[in-house]
Amino acid sequence: MRIVFFGTPDFAVASLEALIEANFSVVAVVTAPDKPAGRGQQIQASPVKIFAESKNLPVLQPLKLKDPEFLEELKSYQADLQVIVAFRMLPEAVWNMPPLGTFNLHASLLPNYRGAAPIHWAVINGETETGVTTFFLQHEIDTGDLLFQEKEAISSTDTTGELYERLMKKGAKLVVKTAKAIQENNYQPKPQILTGDMKPAPKLHRATGEVHWSKKGQEIVNLVRGMHPFPGSHTQFQGKNCKLIQIAFHPEIIPDLGIGVWDSDQKTFLRVGCSDGYIQILEWQMEGKKRMKIADFLRGYSFTF
């Protein structure tokens, strides 16, 4: 069975590596074009491209997925199956090309958390369980018939970064399981059953990470967990932007510590009132400063309220 693999970030590398280790015939890899990245804006290849080239696999980097030249080149690899992990939306001319179809790995238990940021939103919304899903591609994004799913628990302290690592590994195993099942014609696709309480996973924006102290403490904690380590949650402190890294919620109402009111002994703690208690800042990164534990920050920063 000839496979063409589509993917871009490190999350996809784990699945590509797992397919190769399982002795599948990956005949080509499609990934995003090289682009400037980092402070120096140096041109960088995607993690998938770097890995694919280390395995001497042909790499395709189309600017436009409907480009006739790309479609002809893709067709020349005569794929029986296409596997998609963390790639952009495909036109029908691409996903409908191989005879055995095209399946995608998605980091949620579909149909919940369709969209660009399923791991982030599961943590932000305080979920205690998520997972990974493989499904055949159809016209609408994340809507195709389900193939396999694996669940993953979310602890009350998990960040998106920690959950990302676990789902990356679990997803890689599920990709191999799915490819084997398709190769052996041992699978039963099931349509996604939609309910009225489905939760979306839209693209994240800077405004998504802005902390509103008028919310409940646990909601604020979940937001910080869900936005860490990327793209980060943030607030303003004395006119400076601060990236929140670790906080704790205390369900205790302190007189004079109203919503959005800051308080500190300027030695050991910094806290701010929320709607049902207060938030203690444990670690953050102030604009122009390095990431710091709050006690270290307080030793080197003087301020008045």
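Since this is a predicted model, take the numbers as computed values, not measurements.

### Examining helix α7 (residues 217–226)
Alright, step 1. With eight of its ten residues buried, α7 lies for the most part within the structure.
Alright, step 2. Taken as a whole, α7 has its buried residues at G217, I220, V221, N222, L223, V224, R225 and G226.

### A word on the UniProt feature "binding site: (6S)-5,6,7,8-tetrahydrofolate" (unreviewed entry) in the chain
Alright, step 1. According to UniProt, the "binding site: (6S)-5,6,7,8-tetrahydrofolate" (unreviewed entry) feature falls on S108, L109, L110 and P111.
Alright, step 2. Within the element layout of this structure, S108 appears in the loop between β7 (102–106) and β8 (114–115).
Alright, step 3. Its relative accessible area of 0% is what places S108 among the buried residues.
Alright, step 4. If we ignore the near neighbours within four places in the chain, the residues touching S108 are Y113, P118, T130, G131, V132 and T133.
Alright, step 5. Counting through the fold element by element, L109 comes out in the loop between β7 and β8.
Alright, step 6. Not counting the four nearest positions on each side in its chain, L109 is found in contact with E129, T130, G131, V132, T133, Q149, E150 and K151.

### Topic: the packing of aromatic side chains
How two aromatic rings sit relative to each other is set out by the distance from centre to centre and by the angle between their planes.
Alright, step 1. Per the stated rule, a full pass over the model turns up 14 aromatic pairs.
Alright, step 2. Ring geometry for F11 versus Y164: centroids 5.2 Å apart, planes at 65°, classification edge-to-face. With a gap of 153 residues between them, F11 in helix α1 (residues 10–21) and Y164 in helix α6 (residues 160–183) connect regions that are remote in the sequence. You'll find F11 and Y164 in the same group, each marked buried.
Alright, step 3. Every member of this aromatic cluster is reached through a ring pair, and the members are W213, F237, W262, W284, F297, Y301, F303 and F305.

### Digging into the packing of α1 against α6
Packed helices, taken two at a time, are described by their axes: the angle between them and the distance between them.
Alright, step 1. Where α1 meets α6, the closest approach of the two axes is 8 Å, and the angle between their N-to-C directions is 35°. Of the two possible hands of crossing, α1 and α6 adopt the one that is right-handed. Note on element contacts: α6 touches α1 through Y164, L167, M168, G171, A172, V175, V176 and A179, opposite D10, F11, A14, S15, A18 and L19.
Alright, step 2. Of the residues in the contact of α1 with α6, the class split is eleven nonpolar, two polar and one charged.

### Here we look at the environment of E210
Alright, step 1. Among the secondary structure elements, E210 is positioned in the loop between β11 (200–201) and α7.
Alright, step 2. For the pair E210 and E129, spaced 81 residues apart in the sequence, the C-alpha separation amounts to 25 Å.
Alright, step 3. In this structure E210 touches L223 and H234, once residues within four positions along its chain are discounted.

### Some points on the pairing of strand β15 (residues 270–274)
Alright, step 1. Summarising burial for β15: five of the five residues are buried, a large majority.
Alright, step 2. Here β15 shows two buried faces, one formed by L270, V272 and C274 and the other by R271 and G273.
Alright, step 3. Relative to β15, strand β14 (residues 262–264) runs antiparallel, the two being bridged by three bridges. Looking at β15, one finds that W262 is bridged to V272.
Alright, step 4. In this sheet, strand β16 (residues 277–286) lies alongside β15 in antiparallel orientation, the contact comprising four bridges.

### Examining the nonpolar core
Alright, step 1. Within the largest apolar cluster, 72 residues are counted, with the highest numbers of intra-cluster contacts made by L19, F237, I281 and W284.
Alright, step 2. Contacts of L19, omitting those with residues within four sequence positions, involve I3, F5, F24, V26, V83, V175, V176 and A179.
Alright, step 3. Among the nonpolar cores identified, the runner-up in size contains 21 residues, and L60, F70, Y77 and L110 belong to it.

Conventions and cut-offs
Note on numbering: residues in each chain are counted from 1, in written sequence order. At least 70 in pLDDT is required for a residue's local features to be given in this predicted model, at least 80 for side-chain atom pairs to be given and counted, and no such filter applies to totals for whole chains, interfaces and linings, which use all residues. Think of the side-chain values as coming from all heavy atoms in the structure, minus any hydrogens and water. Whether a residue is buried, partly exposed or exposed follows from its accessible area with a 1.4 Å probe, protein chains only, as a fraction of its type maximum: under 20%, in between, or over 50%, in that order. The helix and strand labels rest on DSSP assignments: H or I over at least four residues marks a helix, E over at least two residues marks a strand, and numbering proceeds from the N terminus. UniProt positions are given in the numbering used here, feature names are shortened, and annotations may be inferred rather than shown by experiment. The contact rule is simple, with two residues in contact once any of their heavy atoms fall within 4.5 Å. Think of it this way: a Phe, Tyr or Trp ring, Trp meaning its six-membered ring, pairs with another when their centres are within 6.5 Å, and the plane angle makes it stacked under 30 degrees, edge-to-face over 60, tilted otherwise. Note on geometry: axes are C-alpha line fits, over the in-contact stretch for helices, and angles between N-to-C directions span 0 to 180 degrees. Put simply, a crossing is left-handed when the front helix is turned counterclockwise from the back one by less than a right angle, and right-handed when it is turned clockwise. Classification convention: Asp, Glu, Lys, Arg as charged; Ala, Val, Leu, Ile, Met, Phe, Trp, Tyr, Cys, Pro as nonpolar; all other residues, Gly among them, as polar. Two strands are said to pair when DSSP picks up at least two bridges between them. Think of a nonpolar core as a cluster: buried Ala, Val, Leu, Ile, Met, Phe, Trp, Tyr and Cys residues, connected wherever their side-chain atoms sit within 4.5 Å.

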